[in-house]
Amino acid sequence: MELSGLVQALRGAGPQPPAALPAAEQVLLQLGQLLSGGAPKAGAVRDLCALIEAADCRWLFGGLSPATLGGLVVALSGYAAPPKQEQDAADLPCKDSEYAGAAERAADVGAVFLHLLVKLEAAKTQESLGVPVVGPILCRVTGPIYIFAATHIVERSWTNVRSRSVAQEVLESLVQAAGCGSVAEFLRGKNEDEEGRFAAVMGLLKQELTKDTWKRNPATKHVFSWTLPHVTRPWLSRYLERVLPPSLLISDDYQEDNKILGVRCLHHIILNVPAADLCQYNRAQVVYHALYNHLYSREAPLIQAVLLCLLDLLPVLERAQRQQKQVRPTTHCDEVLQLVLTHMEAEHRLALRQVYARALPAFVQSLGILIARHLKRLERVILGYLEVSDGPEEEARLGILETLQCTIEHAWPRMPCRLPVLLKALLKMLWDVHTDQGSTPEPVKAALLQGATECLILLDRCSEGQVKVLLEGVYSSCEENRVRECIRKVRENT
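What counts, and where the lines are drawn
- Residues numbered from 1 in each chain as written.
- Predicted model: local features only at pLDDT ≥ 70, side-chain atom pairs only at ≥ 80, totals over all residues.
- Heavy atoms only, no water.
- Helix = DSSP H or I, 4+ residues; strand = E, 2+ residues; numbered from the N terminus.
- Rg over C-alpha atoms; globule rule 2.2 N^0.38 Å.
- Contact = heavy atoms within 4.5 Å.
- Areas by Shrake-Rupley, 256 points an atom, 1.4 Å probe, with all protein chains shown as cover.
- Core = buried A, V, L, I, M, F, W, Y, C linked by side-chain atoms within 4.5 Å.
- Buried < 20%, exposed > 50% of the residue type's maximum accessible area, 1.4 Å probe, protein only.
- 1 Å grid on protein atoms, 1.4 Å probe; cavity = no way out; pocket = protein on both sides within 12 Å on 5 of 7 lines; lining within 4 Å.
- Points joined across faces, edges and corners; volume = space filled by probe spheres on them.
- Nonpolar A, V, L, I, M, F, W, Y, C, P; charged D, E, K, R; others polar.
- Salt bridge = Lys/Arg side-chain N within 4 Å of Asp/Glu carboxyl O.
- Phe/Tyr/Trp six-rings, centres within 6.5 Å; stacked < 30°, edge-to-face > 60°.
- Disulfide = S-S within 2.5 Å.
- pLDDT = per-residue confidence, 0-100.

(A) Looking closely at the overall build of the protein. Within the protein one finds 24 helices and zero strands. For the protein, the C-alpha radius of gyration of 31 Å lies well beyond 23 Å, the compact-globule estimate for 494 residues. Principal axes of the C-alpha set define a box for the protein whose edges measure 105 × 55 × 45 Å. At a minimum sequence separation of 6, the contacts of the protein that also span at least 24 residues come to 72%. When the accessible surface of the protein is totalled, it reaches about 22900 Å², and 53% of it is carbon and sulfur.

(B) Quick look at the nonpolar core. Core analysis: the largest hydrophobic core is formed by 159 residues, its most contacted members being Phe61 and Tyr146. Ranked by the residues each element gives to this core, the list is headed by helix H16 (residues 300-323), at 12 residues. Setting aside residues up to four positions removed in sequence, Tyr146 forms contacts with Leu171, Leu174, Val183, Phe186, Leu187, Val201, Trp226 and Thr227.

(C) Empty space enclosed by the protein, seen in detail. Inspection of the entire model under this criterion finds two cavities of 30 Å³ or more. Computed from the structure, the largest cavity encloses a volume of approximately 50 Å³. In terms of lining residues, the largest cavity is bounded by Leu375, Leu378, Glu379, Ile382, Leu404, Thr407, Met415, Arg418 and Leu422. Elements that contribute at least two residues to the lining of the largest cavity include exactly helix H19 (375-387) and helix H20 (395-410). Residue contributions to the lining of the largest cavity peak at four residues, all from H19. Per-class residue counts for the lining of the largest cavity are six nonpolar, one polar and two charged. Estimated volume of the second largest cavity: approximately 40 Å³. Along the walls of the second largest cavity sit Leu244, Leu266, Ile269, Ile270, Leu278, Ala284, Val287 and Leu313, which together make up its complete lining. Elements with a minimum of two residues in the lining of the second largest cavity: helix H13 (256-272) and helix H15 (283-294). Top contributing element to the lining of the second largest cavity by residue count: H13, with three residues. Of the residues belonging to the lining of the second largest cavity, the class tally is eight nonpolar, no polar and no charged.

(D) Quick peek at the pattern of salt bridges. Under the counting rule described, the total for this entry stands at 23 salt bridges. With its nearest N and O atoms 2.8 Å apart, the salt bridge here joins Glu379 to Arg418. Of this pair, Glu379 sits in helix H19 while Arg418 sits in the loop between H20 and helix H21 (419-435), placing them 39 residues apart in sequence. Residue classification places Glu379 among the buried positions, given a relative accessible area of 19%. One connected set of salt bridges, linked through shared partners, spans Arg46, Glu104, Asp108 and Arg162.

(E) The layout of surface pockets, seen in detail. Estimated volume of the largest pocket: approximately 380 Å³. As for the largest pocket, its lining consists of 18 residues, and the residues nearest its centre are Val74, Ser77, Gly78, Ile147 and Glu208. Of all the elements in the fold, those that place two or more residues in the lining of the largest pocket are helix H5 (66-80), helix H7 (130-152), helix H10 (198-206) and helix H11 (220-227). The dominant element in the lining of the largest pocket, judged by the number of residues it contributes, is H7, at five residues. The residue makeup of the lining of the largest pocket, split by class, is nine nonpolar, seven polar and two charged.

(F) Structural view of unusual backbone geometry. In the segment running from Arg233 into Pro234, the intervening peptide bond is cis, with an omega of 5°. Examined against the element boundaries, Pro234 turns out to sit in the loop between H11 and helix H12 (240-251). Positive phi, close to 50°, is recorded for Glu394, a residue that is not glycine. Here Glu394 shows up in the loop between H19 and H20.

(G) The packing of aromatic side chains, seen in detail. Throughout the structure, instances matching the rule amount to six aromatic pairs. Centroid distance Tyr146 to Phe186: 5.9 Å. Interplanar angle 25°. Geometry classified as stacked. Residue Tyr146 is found in helix H7, and its partner Phe186 is found in helix H9 (residues 183-188); the two are separated by 40 residues along the sequence. By relative accessible area, Tyr146 is classed as buried at 0%.

(H) Inspection of the state of the cysteines at higher detail. As enumerated under the stated definition, the model contains zero disulfides in all. For Cys462, which is in no disulfide, the shortest distance to another cysteine sulfur is to Cys417 and amounts to 9.8 Å.

(I) Region of the structure containing the confidence of the model for the protein. In this model, the protein carries an average pLDDT of 88, and 91% of its residues clear a pLDDT of 70 or more. The secondary structure element of the protein with the lowest average pLDDT is helix H1 (residues 3-11), at 56, and the one with the highest is H13, at 97.

This is how it looks when you write it as structure tokens:
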């Protein structure tokens, strides 16, 4: 019987389909083979959607093998996937027409999944079917349907407004059908003892997340990176062996956007897996070396992602060294900071200067008194960055002022000998900011003046009042009220 004729028969059959109708198992099996063949008949997916909508739950699910429906769902998901690419040509963009076709197919397939999930919900309440029948079917279809939704839910080159809207509806219906309240609960489980569907999803993604295959499907990396943040502590540790290798693989690519994607996945893993698990089998060291190599990049977004990730990984490594009683002349934090300072000295691009300066205070705080090891180079960086404006928001200067404050607080015994050069640099910056006629907003100027004043106060404290003495002549000869106000605060601070 033709599919369209079967739909008409089901619509006119009432609550009890006639015995003459073919079994749902046979119909769905043939449709799965048709869709898997790569050249489905025009309108076959829409006819399937109409079939499921018209079908009675008992005809559709009674006697149906979960494997058959699972195979059909996999075939539908594959039919709606973005165009496959050859590994050697994976970086070449597909034609817009190919992506537009994928979006239209996804919208049609999403409609099928929506009707299927509605039928599964209805079947739960029927006495002849219920959970014993629906449960195994849901176990088979949740993984492929979830991957379909995650592939098309975010704006990508292979999606459009309609496909994204349908994917969002599919995901919401899937979460509801699974009896969960959120995507995170759907993936990880309702409590720590319950296993969610993340293992099933990763099982389906595993074959596409290998070194030789991950670039063939342009959606795979995005599905993985979109899914991973939903699984947090304490659930993520049980999946560490599944999520760490693909994260390292993606971060090791030569394309910057892939590197950033992989580093963000690694950062999520570091934040949500216990330190003991990270250090087991030297995993943390492997991640550290992968991140450290990225520090030689010249791209600001990547450097920012790497530095943020390292700042959370370094305490894990240092704690492990202390527990193993390993004695090292320098720590991993020393190694990173030494390289960062080397790059900062020679860096002229404002975007990178700002990224480095924003991260620097955290490194100083992490090292504490051990920052004294780096004072000579750090001093050169501070002086160089205070001297040069980096734009209206002055992010680099503000970061360096915060760095100087942290350095004075932790390494104050080493500050008196550096007082002349630091005092000169701070006063020059005060004057430059006050006389700046550019586009710097007043709140930013105020923050710079406040930061410089606080540094002068800290320098005065650790030099036993020498700053007050040196500023006497400046205060008496200065006629600019704003600069005088900063100096007055230093003089009056006790």
